Amino acid sequence: MDAKLDEHSLITSKLVKRHRGTSPDIVDAGELKERSAELALVLDLAYQAFSREGPAGLVVDRLAGRLHELRRHSAPAIWQQLIPLAQQHRVAEYLMQDPFTRWSFEKPRGYSGDASLLDIYYKHPSADQEVASSTPLGREIYAYTSEAASSAAGRERRDILARTVDETALRVENAEVLAIACGHLREAELSEALAGGKLKRWIGLDQDPISVAIVNRDLAGTAVEAVDGSVRGILRRAYKLGTFDLVYASGLYDYLPAAIGIRLFQRAMEMVKPGGEFLFANFSDEITTDGYMETFMDWPLILRSADDMWDIIKGAVDMNHVEAEVFHGSNRNIVYGKVRKV
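Summarised in this report is the structure supplied together with it. Think of each chain on its own: its residues are numbered from 1, step by step along the sequence as written. Only residues with pLDDT of at least 70 get local features here, since the model is predicted, and only at 80 or more are side-chain atom pairs given and counted; chain-wide, interface and lining totals rely on the full set of residues. In computing side-chain properties, one takes all heavy atoms of the structure into account and sets aside hydrogens as well as water.

## Thoughts on the overall build of the chain
Keep this limit in mind: Only runs of H or I of at least four residues qualify as helices and only runs of E of at least two qualify as strands under DSSP, and these elements are numbered from the N terminus. Radius of gyration here is computed from C-alpha atoms only, and the compact-globule reference equals 2.2 Å multiplied by the residue count raised to the power 0.38. Should any heavy atoms of two residues lie within 4.5 Å, those residues are counted as being in contact. Charged-residue counts in this description rest on Lys and Arg as positive and Asp and Glu as negative, His and the chain ends being excluded. One atom stands in for each charge, and that atom is NZ of Lys, CZ of Arg, CG of Asp or CD of Glu.
In terms of regular secondary structure, the chain is built from 16 helices and seven strands. Taking 20 Å as the expected radius of gyration for a compact globule of 342 residues, we find that the chain reaches 20 Å, a close match to that expectation. With the principal axes as the frame, the chain shows a C-alpha extent of 60 × 45 × 35 Å. Within the chain, contacts between residues at least 6 apart in sequence are counted, and of these 74% link residues at least 24 apart. The centroid of the 41 positive side-chain charges in the chain is displaced by 3 Å from the centroid of its 50 negative side-chain charges.

In structure tokens form, the structure reads like this:
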């Protein structure tokens, strides 16, 4: 089954890069030569370490750290030129044995950051076979990549979502919840409110029909219902979903430029009841796995600071009619914005 993609969802690597505003055509030849030489050295060191059968976690940790520094010190247009050079290096033969890295790079669902990829770093039982079928080296690398700070933050995000739903159910009787770009909605498996029958409905909206089918299969008989829908549809007010006590978008803003993020925020707030909340999350500009993610995982994200989150909030709503907060997760790899309609 093919995923239904549209450009307003911005979940392909090409689209994310384009909306970052980087131009691979405008580069300084001298800087490109210098940075390319630095990259070659970084990759060769990693390849040699793997060849000597060094500890895989340490090899990838050092590689990721060096790629982060190289990305940070390179002009955006230069960095975009370096990405394919990294992907073509022979060290990739080792790294692609990691089920997490391989799935992200190969994109079996056709787009970056799909729900099955999240299952891999969630260590969800549905991903056990993918991990078990990897090589011993691949599993050793996975032991590192799945425990990297960004992966730990992703698991914490799932916990925060479940907790927010449960808090909503305590605050409002028969609470109604909407998850935009819900993926496999794994937070529902952790929700005490759902298990206790405290929710009136929990709608999951996603443009990937495979994800929609998995949610409806795994959570049949509960208050959860997944439906097909995209960012484009929300922006066009194409869905008659009603209003909710909680609306959230947990992994979507990583792919949305600010202008579309603001428009989506405004549409989401139209679906929030008085006293209800909108929660959105974004990988933080403080992560250090960004260079590895963009090269070997082919998983570019639009990273944001707390100030960036405030810019989206203030661009979307009248601050006189909401209560708002911005906060980081425990390791500061994900930043959250929460707005309550008053």
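From this point, the narrative continues.
## Notes on the side chain of Asp114
The criterion, for reference: The rule is simple: take the accessible area with a 1.4 Å probe, protein chains only, and divide by the maximum for that residue type; under 20% is buried, over 50% is exposed, in between is partly exposed. Salt bridge criterion: a side-chain nitrogen from Lys or Arg within 4 Å of a carboxyl oxygen from Asp or Glu. Any pair of nitrogen or oxygen atoms within 3.5 Å is treated as a polar contact; in protein, a donor-acceptor pairing is required on top of that, and neighbouring residues in sequence qualify only through side-chain atoms on both sides.
Tracing the backbone shows Asp114 in the loop between helix H6 (99–106) and helix H7 (115–122). For the buried Asp114, which has no salt bridge, the nearest side chain bearing the opposite charge is Arg109, at an N-O separation of 4.7 Å. For Asp114, the side chain forms a polar contact with the side chain of Trp103, separated by 2.9 Å. In this structure the side chain of Asp114 is engaged in a polar contact, spanning 2.8 Å, whose partner is the backbone nitrogen of Ser116. Excluding its chain neighbours within four sequence positions, the residues that come into contact with Asp114 are Trp103 and Arg109.

## Some thoughts on the packing of aromatic side chains
By convention here, two paired aromatic rings are described through the distance between centres and the angle between planes. Heads up, the rule is: Stacked, edge-to-face and tilted labels apply to pairs of Phe, Tyr and Trp rings (six-membered ring for Trp) whose centres lie within 6.5 Å, assigned for plane angles under 30 degrees, over 60, and everything in between, in that order. Throughout this description, the term charge over a ring refers to an Arg CZ or Lys NZ atom that lies within 6 Å of the ring centre and within 35 degrees of the ring normal.
Overall, the coordinates contain 11 aromatic pairs when judged by the stated rule. Centroid distance Tyr292 to Phe296: 5.9 Å. Interplanar angle 45°. Geometry classified as tilted. Each member of the pair, Tyr292 as well as Phe296, carries the same accessibility label: buried. Ring centres of Phe327 and Tyr336 lie 5.1 Å apart, and the angle between their planes is 10°; on these two criteria the pair is classed as stacked. Judged by its relative accessible area of 24%, Phe327 falls in the partly exposed class. Connected via pairs of aromatic rings, a cluster forms that spans Phe100, Tyr121, Tyr122 and Trp299. Above the plane of the ring of Tyr122 lies Arg158, whose end atom (NZ or CZ) is 4.5 Å from the centre.

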